[in-house]
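Next come the chains, spelled out residue by residue.
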Protein chains: 2
Amino acid sequence: MNDERQDGVAGRPDERDGLRAARIERALQRAFHNPRSGGTPPRLAAAMRAAVFGGGGRLRPHLCLAVAQACGDDHPRLADAAAAAVELLHCASLVHDDLPSFDDASHRRGRPTVHRVFGEPAAILAGDALVVLAFEQLARLDAEPPGRILGVLRALGAGVGHAGGIIAGQAWELEPRADLARYHRAKTGALFEAAAVAGAVAAGADPAPWREAARALGEAYQVADDIADALADPDELGKAVQRDAELGRPSAFDRFGPRGALERLGALESRALAALPAVAGRGVVERLIRRSVARLLPAGRAAAAM
Amino acid sequence: MNDERQDGVAGRPDERDGLRAARIERALQRAFHNPRSGGTPPRLAAAMRAAVFGGGGRLRPHLCLAVAQACGDDHPRLADAAAAAVELLHCASLVHDDLPSFDDASHRRGRPTVHRVFGEPAAILAGDALVVLAFEQLARLDAEPPGRILGVLRALGAGVGHAGGIIAGQAWELEPRADLARYHRAKTGALFEAAAVAGAVAAGADPAPWREAARALGEAYQVADDIADALADPDELGKAVQRDAELGRPSAFDRFGPRGALERLGALESRALAALPAVAGRGVVERLIRRSVARLLPAGRAAAAM
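About the criteria used
- Residues numbered from 1 in each chain as written.
- Chains lettered and ligands numbered in written order.
- Predicted model: local features only at pLDDT ≥ 70, side-chain atom pairs only at ≥ 80, totals over all residues.
- Heavy atoms only, no water.
- Helix = DSSP H or I, 4+ residues; strand = E, 2+ residues; numbered from the N terminus.
- Buried < 20%, exposed > 50% of the residue type's maximum accessible area, 1.4 Å probe, protein only.
- Areas by Shrake-Rupley, 256 points an atom, 1.4 Å probe, with all protein chains shown as cover.
- Contact = heavy atoms within 4.5 Å.
- Salt bridge = Lys/Arg side-chain N within 4 Å of Asp/Glu carboxyl O.
- Buried area = accessible area lost by both parts, 1.4 Å probe.
- Expected span 1.5 Å × (residues − 1).
- Bend = angle between axes of the 7 residues up to and from the residue.
- Least-squares fit on C-alpha atoms with pLDDT ≥ 70 in both.
- Axes fitted to C-alpha atoms, helices over the stretch in contact; angles between N-to-C directions.
- Parallel < 35°, antiparallel > 145°, perpendicular 65-115°, else oblique.
- Nonpolar A, V, L, I, M, F, W, Y, C, P; charged D, E, K, R; others polar.
- Phe/Tyr/Trp six-rings, centres within 6.5 Å; stacked < 30°, edge-to-face > 60°.
- Lys NZ or Arg CZ within 6 Å of the ring centre and 35° of its normal.
- Core = buried A, V, L, I, M, F, W, Y, C linked by side-chain atoms within 4.5 Å.
- pLDDT = per-residue confidence, 0-100.
- Disulfide = S-S within 2.5 Å.

**A closer look at the overall build of chain A**
Argument step 1. A count of helices and strands for chain A gives 16 helices and two strands.
Argument step 2. A total of 306 residues make up chain A; the buried ones form 58% of that total.
Argument step 3. Counting only carbon and sulfur atoms, one obtains 50% of the accessible surface of chain A, whose full area is about 11600 Å².

Structure (structure tokens):
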């Protein structure tokens, strides 16, 4: 949509991206490393790991860490754990969303879904266990400021809980009528917002100025997902397509049409960038937003069809 | 099994029991009262409330509060939230355990199960949301000592998580072989232990001396549940019976026989009582254990059959 972003994507990868990616993977591995005895049943352990380490763009934890970096990142271990928690909660929601009684998805991120490999009971328990792990590994940090840990926990609760979080978003799909904006805000925007808030809180900063940009990025992501669902090649997407239409879900693609949805994606990127606070470190978040939206654009055949 | 307990049960109800019961219900209601906007989809809200307010003995939150009381209960609001969290996590596990891919239970606590009333997707989401709520409502307490809140959160994580908690217990049922003691410790003992630890931590006390008694009470509860499942009248129990045998689960009843299981229940009560620490307030927990085990004994026809 504009040259600046195209250049950013074509150019050398931002070194910070790679460092952040490494921090995220280490933090996720650390979350699983629990010194407590008791033992994890092997099938459950395998299902949990498949849910978390089976690919995925890690966009939400990147946002969390980028905001922490923009705010000085003075407690990186807490920021890492916050980013891991965001991703664990996201993965948990995907595992449950793929279940037969929801999307009945056979593939996710190019691989068979957790319930197809490990069975439905193990998939349900793996999702449950990932939610618990997300919160618990934060509570286990004993060298970080307790007040900040609790702030991160509150942000995550808001991002996933029944009152406006991901779970509310999934549950709006069960209602005969749902407002598209409210549905998207809960299903996707809320965890993006929580990621940014958690990053700011982990770094001891006021989270308020980051909320709007995060919500806009989350909405952009949802619109891109609607477009991908309607148009993309399933091999390229790594999951089944046109499920939203089959399931009668509110979709930006259906509502605005192909061109309208694409314009909306661009408008949301602009809104996210404009909403960023004028702090010294904002550049790192700005680059992340530009790069992420570029990656969200439909590619190949799908783009040609638009 | 001994006269003292029978007297305790037949005599006037302990006033503390009633006060604790009222505190537990108030704390559960408070957990649902979330000032955040965003809105909860109506079906999800109804499913969550049905899971929590549909009866139940509240034994685990009683244990949590009784231990807090025995330890001085200097932060009752935190103890209340800890007790509520224990019950929310327990209810979440029941909702998921009743799902078609687990027990496929039609009734629980004398009523149709959550998925039978609200559908499977709403039941899965309600369980998820209750887990989140359990942690979140603790993180939201802003007038309680943050270090204690985090200690309570860690105890709860251990009680329900993949490494030895309830979820591990449920997942052992998916394994071809499971050690009976380890299975019971995870499936039931762990949350009893977490309840006692959370109560002690909420009151600023060392939780270690309470662990053993709580584990023994949890095991007693599991043995009683095995006996009930094998023998009880379904109308009296409020749920289907003989499911454990049908599902090929390890059961104390199958392993020790009717008389052996009953003796084991008595031995576990004695072990729980003997393990109580010699603190001034231990009487309140002692009475709770005696009363609870008496209530767990099979009644009527079932007892006669033993």
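**Focus on the environment of Ala84 of chain A**
Residues and elements named next belong to chain A.
Argument step 1. Structurally, Ala84 is set in helix α5 (residues 76-97).
Argument step 2. Linking Ala84 and Asp104, residues 20 residues apart in sequence, is a C-alpha distance of 26 Å.
Argument step 3. Not counting the four nearest positions on each side in its chain, Ala84 is found in contact with Ala27, Leu28 and Gln137.

**Topic: the pattern of salt bridges**
Argument step 1. For the structure shown, the criterion picks out 42 salt bridges over all chains.
Argument step 2. Between Arg148 of chain A and Asp74 of chain A there is a salt bridge; the shortest N-O distance is 2.9 Å. Remark: Asp74 of chain A occurs in the loop between α4 (59-70) and α5 and Arg148 of chain A occurs in helix α8 (residues 146-160); sequence separation between them is 74 residues.
Argument step 3. Accessibility expressed as a relative area gives 44% for Asp74 of chain A, which makes it partly exposed.
Argument step 4. Notably, a salt bridge pairs Asp98 of chain B with Arg108 of chain B, separated by 2.8 Å at the nearest N-O pair. Note that Asp98 of chain B is positioned in the loop between α5 (76-97) and β1 (107-108) and Arg108 of chain B in strand β1, a separation of 10 residues in sequence.
Argument step 5. Where salt bridges share partners, they join Glu193, Arg211, Glu212, Arg215, Glu219, Arg264 and Arg271 of chain A into one cluster.

**Let's talk about the interface of chain B and chain A**
Argument step 1. The interface is formed by 50 residues belonging to chain B together with 50 residues belonging to chain A.
Argument step 2. Buried surface at the junction of chain B and chain A, both sides included, amounts to about 4600 Å², of which 73% is carbon and sulfur.
Argument step 3. Counting across the chain B and chain A interface gives zero salt bridges.
Argument step 4. Secondary-structure elements contributing two or more residues to the side of chain B that touches chain A are α3 (42-52), α7 (120-139), α8 (146-160) and α9 (166-172) of chain B.

**As for helix α14 (residues 252-275) of chain B**
Residue and element names in this part refer to chain B.
Argument step 1. Taking 1.5 Å of rise per residue, 24 residues should cover 34 Å, yet α14 covers just 22 Å from first to last C-alpha, more than 12% shy of that figure.
Argument step 2. Along its length, α14 shows its largest kink, about 100°, at Pro258.
Argument step 3. Those residues of α14 not exposed but buried are Ala252, Phe253, Gly257, Ala261, Leu265, Gly266, Leu268, Glu269, Ala272 and Leu273.

**Notes on the relation of the copies chain B and chain A**
One chain copy maps onto the other through a rotation about an axis and a shift parallel to that axis.
Argument step 1. Overlay of chain B on chain A (RMSD 0.0 Å): rotation 180°, translation along the axis 0.0 Å. Taken together, the turn and the small shift mark the pair as related by a two-fold rotation axis. When each C-alpha of chain B is compared by its distance to the rotation axis, Pro146 of chain B comes out closest, at 2.9 Å.
Argument step 2. When the interface residues of chain B are mapped onto chain A, 100% of them again fall at the interface, so both copies present the same face.

**Looking at the packing of helix α2 (residues 15-32) of chain A against helix α15 (residues 282-296) of chain A**
All names here are of chain A.
Argument step 1. Direction vectors running N to C along α2 and α15 enclose 85°, while the axes themselves pass 11 Å from each other. It follows from the interaxial angle that α2 and α15 lie roughly perpendicular. For the pair formed by α2 and α15, the contact residues are Arg16, Asp17 and Arg20 on the first element and Val284, Arg287, Leu288, Arg291 and Arg295 on the second.
Argument step 2. When grouped by side-chain class, the residues that make up the contact of α2 with α15 number two nonpolar, no polar and six charged.

**Some points on the environment of Gly165 of chain B**
Residues and elements named next belong to chain B.
Argument step 1. Along the chain, the position of Gly165 falls in the loop between α8 and α9.
Argument step 2. Sequence separation of Gly165 and Ala31 is 134 residues, and the distance between their C-alpha atoms is 22 Å.
Argument step 3. Those residues in contact with Gly165 that sit more than four places away from it in its chain are Ala158, Gly159, Val160, Ala186 and Ala190.

**Description of α8 of chain A**
Argument step 1. Between its first and last C-alpha, α8 of chain A extends 21 Å over 15 residues, near the 21 Å set by a 1.5 Å rise per residue.
Argument step 2. Of all 15 residues in α8 of chain A, 11 are buried; the element is thus mostly enclosed.
Argument step 3. Looking only at α8 of chain A, the buried set comprises Arg148, Ile149, Leu150, Gly151, Val152, Leu153, Ala155, Leu156, Gly157, Gly159 and Val160 of chain A.
Argument step 4. The inward-facing, buried residues of α8 of chain A contact α5, α7 (120-139), α9 (166-172) and α10 (180-202) of chain A together with α7 and α8 of chain B.

**Focus on unusual backbone geometry**
Residue and element names in this part refer to chain A.
Argument step 1. Not every positive phi belongs to a glycine, and Arg58 is a case in point at roughly 55°.
Argument step 2. Relative to the assigned elements, Arg58 resides in the loop between α3 (42-52) and α4.
Argument step 3. With relative accessibility at 7%, the residue Arg58 sits in the buried group.

**Focus: the packing of aromatic side chains**
The relation between two aromatic rings is expressed through the spacing of the ring centres and the mutual angle of the planes.
Residue and element names in this part refer to chain B.
Argument step 1. A complete count under the given rule lists five aromatic pairs over all chains for this structure.
Argument step 2. Looking at Arg49, its charged tip hangs above the ring of Phe32, at a distance of 4.7 Å from the centre.
Argument step 3. One cation-aromatic arrangement involves Arg60 over Tyr221; the distance from NZ or CZ to the ring centre is 4.9 Å.

**Comments concerning the environment of Val279 of chain B**
Residues and elements named next belong to chain B.
Argument step 1. Among the structural elements, Val279 can be located in the loop between α14 and α15 (282-296).
Argument step 2. It is 7.6 Å that separates the C-alpha atoms of Val279 and Ala70, two residues lying 209 residues apart in sequence.
Argument step 3. In contact with Val279, not counting residues within four places along its chain, are Ala70 and Trp210.

**Some points on the nonpolar core**
Argument step 1. In this structure, Leu63, Leu138 and Val285 of chain A together with Leu63, Leu138 and Val285 of chain B are the most contacted members of the largest nonpolar core, which totals 186 residues.
Argument step 2. Leaving out residues up to four positions away in the same chain, Leu63 of chain A has contacts with Phe192, Ala195, Ala196, Ala214, Leu217, Val285 and Leu288 of chain A.

**So, the confidence of the model for chain A**
Residues and elements named next belong to chain A.
Argument step 1. Chain-level pLDDT for chain A is 87 on average; 85% of the residues reach the 70-or-more range.
Argument step 2. Note on residues 1-12: pLDDT under 50 across the span, and 14 contacts to partners over four residues away in sequence or across chains.
Argument step 3. Two numbers describe this predicted complex: its pTM, 0.90, and its ipTM, 0.90.

**Details of the state of the cysteines**
Residue and element names in this part refer to chain B.
Argument step 1. Going through the model one piece at a time under the given rule, you end up with zero disulfides over all chains.
Argument step 2. Cys71 supplies the cysteine sulfur nearest to Cys64, a cysteine that is in no disulfide, at a spacing of 10 Å.
Argument step 3. The exposure class assigned to Cys64 is buried, which follows from its relative accessible area of 0%.

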